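Here are the chains, one letter per residue:
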Amino acid sequence: AASLFASNIGAEHFVGLAGVACFSGVAVGFYEWGAVICLLVLGYLFLPVYVNASLSTMPEYMARRYSAGCGQVVVYLSLALYVLTKIAATLFAGELILAEVSHMPAWASVLCLILGTAAYTLVGGLKAVIYTEALQTVVLFIGGFALLGVSLAEVGGLHTFIRDSEAPAGQPYYFKIFRPFDDADFPFTGFLTGYFVTSLWYWCSDQVITQRVIAARDRIEHARGGCVGASYLKLLPGFIMVVPGMIARELMTREGVLDTNSPRSDYDRAFTWLVLNCMPINLRGLLIASMISAL
């Protein structure tokens, strides 16, 4: 469960979820909470098919089910999507974190991230990746809940924050998860239709995700338990990343870091700003480690 959860969580979640929550409000949390349904679909509908077929990779399944050409298309498409979306977003988020913390040049930050990740992956293989991700999950939750507690204390608690905070100008649904169909950022129709189209593809057929359950082979109940456990874990990022992001807007506005004329990119600093300005000095390293380990 920890490896399956951690294979999805990256530095882009810290930067992205907190940054979007800081700018647009709580609705972005649905991207995490909606994954609960997708993980259950993986465990109870797709997993038996994959395990009984004794697969090694998803392209192998597509080649068996359709044709060798289809399997090759999946390989090339997956590589392109990972380079242009997942890897690019992760490196960008990691660069923002390292630049904020250590003031490293962008190229040096990206190079360190690539070399560090490649080193333990090539040396240890999939086993090292799985163990690293399991440990990363523990660090992630300890650091995330520590920041949540500190940030809530800064605003007098969750009840006080919700009671006294007002929706930013031009964003009347800042504290709403489900918004009208004409909302520019998160219409509820997008959550109920388009979200599950792309999310079911990701959680049920993406190689990085499915290899965790395919590796179970004959232990189908164990793999299904991992899916169920990961679905519970996916409830938590909405609290340890989204809520701090919303609190960051309140604190950053109070400190003059943000105002109505701030560019959109300034909101992406929300999570890192909280770490560097609200956490006790002896706990900042833990938070930075949890974000970097999530790469």
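Anyway, here's the lowdown on the structure attached to this text. Bear in mind that the values here come from a model prediction, so they are computed numbers and not experimental data. (Residues numbered from 1 in each chain as written. Predicted model: local features only at pLDDT ≥ 70, side-chain atom pairs only at ≥ 80, totals over all residues. Heavy atoms only, no water.)

We now examine the pattern of salt bridges. The full count for this structure, using the stated rule, is six salt bridges. The salt bridge involving Glu32 is made with Lys234; its shortest N-O contact spans 2.4 Å. A residue pair is termed long-range when its members are at least 10 positions apart, and Glu32 in helix H3 (residues 30-33) and Lys234 in the loop between helix H11 (220-233) and helix H12 (237-254) qualify at 202 residues. For the pair Glu32 and Lys234, a shared accessibility class is recorded, and that class is buried. The partner of Glu60 in a salt bridge is Arg64, with the nearest N and O atoms 2.5 Å apart. Of this pair, Glu60 and Arg64 both sit in helix H5 (residues 58-65), four residues apart, roughly one helical turn. By relative accessible area, Glu60 is classed as partly exposed at 23%. (Salt bridge = Lys/Arg side-chain N within 4 Å of Asp/Glu carboxyl O. Helix = DSSP H or I, 4+ residues; strand = E, 2+ residues; numbered from the N terminus. Buried < 20%, exposed > 50% of the residue type's maximum accessible area, 1.4 Å probe, protein only.)

The next thing to look at is the environment of Val74. Here Val74 lies in helix H6 (residues 68-102). Under the relative-accessibility criterion, Val74 is labelled partly exposed at 21%. With 11 residues separating them in the primary sequence, Val74 and Ala63 have C-alpha atoms 9.1 Å apart. In contact with Val74, other than residues within four places in its own chain, are Pro59 and Met62. (Contact = heavy atoms within 4.5 Å.)

Judged by side-chain polarity, Leu40, Tyr44, Leu45 and Phe46 come together as a nonpolar surface patch covering roughly 380 Å² of accessible area. When you line up the elements, Tyr44 lands in helix H4 (residues 35-52). When its relative accessible area of 47% is taken as the criterion, Tyr44 is described as partly exposed. (Patch = residues over 30% accessible without salt bridge, like charges linked within 9 Å, V, L, I, M, F, W, Y side chains within 5 Å. Areas by Shrake-Rupley, 256 points an atom, 1.4 Å probe, with all protein chains shown as cover.)

What follows is about the packing of aromatic side chains. According to the stated counting rule, one finds 17 aromatic pairs in the structure shown. Measuring from centroid to centroid gives 6.3 Å for Phe30 and Phe196, while their planes differ by 85°, and the two rings are edge-to-face. Of this pair, Phe30 sits in helix H3 while Phe196 sits in helix H9 (residues 188-205), and the two are 166 residues apart along the sequence. Here Phe30 falls in the buried class, since its relative accessible area comes to 11%. Judged by relative accessible area, which is 19%, Phe196 ranks as buried. The structure contains a cluster of three or more aromatic residues connected by ring pairs, namely Phe30, Tyr31, Phe178, Phe186, Phe191, Tyr195 and Phe196. Positioned over the ring face of Tyr66 is Arg65, at 5.0 Å from the centre of the ring. (Phe/Tyr/Trp six-rings, centres within 6.5 Å; stacked < 30°, edge-to-face > 60°. Lys NZ or Arg CZ within 6 Å of the ring centre and 35° of its normal.)

Here Asp183 is to be found in the loop between helix H8 (158-164) and H9. According to the relative accessible area criterion, Asp183 is buried, its value standing at 16%. Here Asp185 takes part through its backbone nitrogen, which lies 3.1 Å from a polar atom of the side chain of Asp183. (Polar contact = N/O pair within 3.5 Å; in protein donor to acceptor, adjacent residues only side chain to side chain.)

Moving on, we get to the packing of H4 against H11. Two measures define how a pair of helices packs: the angle their axes make with one another and the distance between the axes. Following both chains from N to C, one finds H4 and H11 inclined at 165°, their axes separated by 8 Å at the closest point. By the angle class used here, H4 and H11 are roughly antiparallel. In the crossing of H4 with H11, the sense of the turn from one axis to the other is right-handed. Every residue of H11 that contacts H4 at Val36, Leu39, Leu40, Leu42, Gly43, Tyr44, Leu47, Pro48 and Val51 is listed here: Ile220, Ala223, Arg224, Cys227, Val228, Ala230 and Ser231. Within the contact of H4 with H11, the residues separate by chemical class into 13 nonpolar, two polar and one charged. (Axes fitted to C-alpha atoms, helices over the stretch in contact; angles between N-to-C directions. Parallel < 35°, antiparallel > 145°, perpendicular 65-115°, else oblique. Left-handed = near helix turned anticlockwise from the far one by under 90°. Nonpolar A, V, L, I, M, F, W, Y, C, P; charged D, E, K, R; others polar.)

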